[in-house]
Structures are given as C-alpha cells and as structure tokens.
Amino acid sequence: MRPRLTALFLLAGVVCAHAQHGTSATQTLNLTVKPIAVFAVSGNPQPLIITAADAGGGIQSAEDHTTRFTMTTNSTGQKIVVSINAPMPAGTHLMLQLGHGTGISSGAVDLSSALTPVDAVTSLRPGLSTDQEIMYTFLADASAGPVTPQSRTITYTVTD
C-alpha cells in the first residue's frame, strides 16, 4: 500500500502548487454621471376668460392654478427659462409664476412678448421638486377691446 500513499501525496502537492500559480486579469472601468435635468408638466390650464370690467376701466384678470410641474436635476446653478410662441394681443399681458423648492422663483414674469426666454427660477440646486404650482394670470385693460379666442404655447427650458 505504500506506493499508493506516495502517489496520493504527490497528486495533492501538484494541485496545491497549481492553485498558488493562478492567472489574473484586470480591466479599467470608466464611470461618468452626465448633467441631468428632467422637467415635466401635468395637466393643462383652464381657458383664461375675462368677462367683466370695472366702471373705472381698470385692469381685469383671470387666473389658473391647476397645472403643476416636477423637476429633477443633479447640477448646481441651472435655471428654468420660459418663452411664448407669439406675442399677446395689444392691451393684454400673460404673467407666469413658478413655485420651486430647489431654486429661487423670479416671481410673476411677463411672457407677453417673451419670444426670447425669460428667467422664471434661478439658482437651482440638485434635487427633486414635485407637484410645484404653475400660476398663469391673464390681464387686459380697457384698450384691449374684445379678443377672439386664441392659444399660446409656453416652452419651459432648464439651462445653465
């Protein structure tokens, strides 16, 4: 039996020697998180209709608070700018105000002729803002006269 034991010990030594001289490989993994800005609106504002006037001929208004937005960003210092696709009729103004939990609201901004974007929220910080209010105010003075039903497209952009 001795020859068998010798062979068994010799085989065990070969297995242990092989395990100590294994191979390895390395890889380089490059990682990046790109700037992210996601902006979404929910709902559509109700029609803004002015139906009455003051005897003094002052400015009349109609408001909508029914739409909301949600925004996520991982960058610092961005802003939300807003523009309109066509100027408002003479004697009317369209105001917009955005609520925002991770930036500074510019308050009510006049979009009446904002074919070039205007700041609505500045100094954004990274984070998620959900269910933020969008307030539209339509204003008309006595010089406006009757205005036929119209629509405007409002564009929101998150930018540096």
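As shown above, the structure is provided for reference.
In this text the structure is predicted, and so the values were computed from the model without any measurement.

*Asks:* Can you help me understand the layout of surface pockets in this one?
*Replies:* Here the idea is plain: a probe the size of a water molecule rolls over the atoms and shows the empty space left. Taken as a whole, the largest pocket spans an internal volume of roughly 870 Å³. Surrounding the largest pocket, 31 residues form its lining, Pro-47, Leu-48, Phe-138, Gln-150 and Ser-151 being those nearest its centre. Contributing elements (two or more residues each) for the lining of the largest pocket: strand S8 (127–140) and strand S9 (154–159). With 4 residues, the single largest contributor to the lining of the largest pocket is S8. For the lining of the largest pocket, the residue count by class is 20 nonpolar, 9 polar and 2 charged.

*Asks:* Mind showing me how you'd approach unusual backbone geometry here?
*Replies:* Among all residues save glycine, negative phi is the norm, and among peptide bonds the norm is trans. Even without being glycine, Ser-123 reaches a positive phi, approximately 55°. Among the structural elements, Ser-123 can be located in the loop between strand S7 (118–122) and S8. We classify Ser-123 as partly exposed; its relative accessible area is 39%. One non-glycine residue, Asp-131, adopts positive backbone phi at about 55°. Within the fold, Asp-131 resides in strand S8.

*Asks:* What is the right way to look at the sheet that holds S7 in this model?
*Replies:* Sheet strands associate in pairs through backbone hydrogen bonding, adopting either a parallel or an antiparallel arrangement. Reading across from one edge, S5-S7-S3-S9 is the order of the 4 strands in this open sheet, with antiparallel pairing throughout. Each end of this open sheet is capped by a strand with a single partner; those strands are strand S5 (104–105) and S9.

*Asks:* Can you help me understand the nonpolar core in this one?
*Replies:* Judged by nonpolar contacts, the single largest core of 21 residues is most densely connected at Ile-80, Val-82, Leu-96, Leu-98, Ile-154 and Tyr-156. Those elements that place two or more of their residues in this core are strand S2 (60–73), strand S3 (79–84), strand S4 (92–98), S7, S8 and S9. The contacts of Leu-96, once residues within four sequence positions are left out, are Val-82, Gly-107, Ala-108, Val-109, Leu-111, Ala-120, Ile-134, Met-135, Tyr-136, Ile-154 and Tyr-156.

*Asks:* Sorry, what's going on with the packing of aromatic side chains here?
*Replies:* Remark: the centre distance and the inter-plane angle together describe each pair of aromatic rings, the angle taken between the planes. All chains considered together, the criterion is met by 2 aromatic pairs. The interplanar angle of 20° and the centroid separation of 5.0 Å between the aromatic rings of Phe-39 and Phe-69 together place this pair among those described as stacked. Of this pair, Phe-39 sits in strand S1 (residues 37–42) while Phe-69 sits in strand S2, and the two are 30 residues apart along the sequence. With a centroid separation of 5.2 Å and 25° between ring planes, the pair formed by Phe-39 and Tyr-156 is classed as stacked. Taken together, the positions of Phe-39 in strand S1 and Tyr-156 in strand S9 put the pair 117 residues apart, joining distant regions of the chain. The structure contains a cluster of three or more aromatic residues connected by ring pairs, namely Phe-39, Phe-69 and Tyr-156.

Conventions we followed
- Residues numbered from 1 in each chain as written.
- Predicted model: local features only at pLDDT ≥ 70, side-chain atom pairs only at ≥ 80, totals over all residues.
- Heavy atoms only, no water.
- 1 Å grid on protein atoms, 1.4 Å probe; cavity = no way out; pocket = protein on both sides within 12 Å on 5 of 7 lines; lining within 4 Å.
- Points joined across faces, edges and corners; volume = space filled by probe spheres on them.
- Helix = DSSP H or I, 4+ residues; strand = E, 2+ residues; numbered from the N terminus.
- Nonpolar A, V, L, I, M, F, W, Y, C, P; charged D, E, K, R; others polar.
- Buried < 20%, exposed > 50% of the residue type's maximum accessible area, 1.4 Å probe, protein only.
- Pairing = 2+ DSSP bridges.
- Core = buried A, V, L, I, M, F, W, Y, C linked by side-chain atoms within 4.5 Å.
- Contact = heavy atoms within 4.5 Å.
- Phe/Tyr/Trp six-rings, centres within 6.5 Å; stacked < 30°, edge-to-face > 60°.

Any link to function would need more than the numbers given here.
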